[in-house]
Amino acid sequence: MRNDSMNLKKEISAVHVMLVDLKLYLNTHPSDQEALSKYNAYVKQLSHLTDEYNQNYGMISSHSMSPYPWQWINEPWPWDYEANFRL
């Protein structure tokens, strides 16, 4: 189970990086339809991955829906070694 959550975090991080790069590119190339299509596809993918993480492991960001009671994080905390991964 622990490995699955870490793999999902890696996938979320990779998609997030692609979104940041595409946002920067689209700032200077707003008429690039292919780039915009890719951006929108990554937005959907990130939403699905985030939903999957939230349902299985708890909130991954402060913008996620929380079940009752409020659940921001379960151990480990982000600054704990085991909460991080190597790419």
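Here, every reference points to the structure presented above.
Throughout what follows, the structure given in this document is the object of discussion. Bear in mind the structure is a predicted one, so any value in this text is a computation, not a measurement. (Residues numbered from 1 in each chain as written. Predicted model: local features only at pLDDT ≥ 70, side-chain atom pairs only at ≥ 80, totals over all residues. Heavy atoms only, no water.)

**Structural notes on the overall build of the chain**
Here's step 1: In terms of regular secondary structure, the chain is built from two helices and zero strands.
Here's step 2: In the chain, which comprises 87 residues, the proportion classed as buried is 24%.
Here's step 3: For the chain, the accessible surface area stands at approximately 6800 Å², while carbon and sulfur atoms represent 56% of it. (Helix = DSSP H or I, 4+ residues; strand = E, 2+ residues; numbered from the N terminus. Buried < 20%, exposed > 50% of the residue type's maximum accessible area, 1.4 Å probe, protein only. Areas by Shrake-Rupley, 256 points an atom, 1.4 Å probe, with all protein chains shown as cover.)

**Examining helix 2 (residues 33-57)**
Here's step 1: Its 25 residues give helix 2 an end-to-end C-alpha distance of 36 Å, which sits within 8% of 36 Å, the value for a rise of 1.5 Å per residue.
Here's step 2: Regarding helix 2, the residues found buried are Ala 35, Tyr 39, Leu 46, Leu 49, Thr 50, Tyr 53 and Asn 54.
Here's step 3: N-cap assignment for helix 2: the residue whose side-chain oxygen lies 3.1 Å from the backbone N of Glu 34 is Asp 32.
Here's step 4: Positive phi appears at Gly 58, one or two residues downstream of helix 2, with a value of about 105 degrees. (Expected span 1.5 Å × (residues − 1). Polar contact = N/O pair within 3.5 Å; in protein donor to acceptor, adjacent residues only side chain to side chain.)

**Looking at the environment of Asp 21**
Here's step 1: Mapping Asp 21 onto the fold places it in helix 1 (residues 2-28).
Here's step 2: Classification of Asp 21 as partly exposed rests on a relative accessible area of 43%.
Here's step 3: Expressed as a C-alpha distance, the spacing of Asp 21 and Tyr 39, which sit 18 residues apart in the sequence, is 9.3 Å.

**Section: the nonpolar core**
Soluble globular proteins tend to pack their nonpolar side chains together in the buried interior.
Here's step 1: By size, the foremost hydrophobic cluster in this structure holds 11 residues: Leu 8, Ile 12, Val 15, Leu 19, Leu 22, Leu 26, Ala 35, Tyr 39, Leu 46, Leu 49 and Tyr 53.
Here's step 2: Those elements that provide at least two residues to this core are helix 1 and helix 2.
Here's step 3: Top element by residues in this core is helix 1. It accounts for six residues.
Here's step 4: The contact partners of Ile 12, leaving out residues within four places of it in the chain, are Leu 46, Leu 49, Thr 50, Tyr 53 and Ile 60. (Core = buried A, V, L, I, M, F, W, Y, C linked by side-chain atoms within 4.5 Å. Contact = heavy atoms within 4.5 Å.)

**Overview of the packing of aromatic side chains**
Here's step 1: Under the defined criterion, the tally for this structure stands at one aromatic pair.
Here's step 2: Seen from their ring centres, Tyr 53 and Tyr 57 are 5.1 Å apart, and the 45 degrees between their planes marks the pair as tilted. Of this pair, Tyr 53 and Tyr 57 both sit in helix 2, four residues apart, which is roughly one turn of the helix. (Phe/Tyr/Trp six-rings, centres within 6.5 Å; stacked < 30°, edge-to-face > 60°.)

**Overview of the pattern of salt bridges**
Here's step 1: Applying the stated rule across the entire model yields one salt bridge.
Here's step 2: With its nearest N and O atoms 3.6 Å apart, the salt bridge here joins Glu 34 to Lys 38. Within this pair, Glu 34 and its partner Lys 38 are both found in helix 2, separated by four residues, close to a single helical turn.
Here's step 3: Judged by relative accessible area, which is 55%, Glu 34 ranks as exposed.
Here's step 4: We classify Lys 38 as partly exposed; its relative accessible area is 43%. (Salt bridge = Lys/Arg side-chain N within 4 Å of Asp/Glu carboxyl O.)

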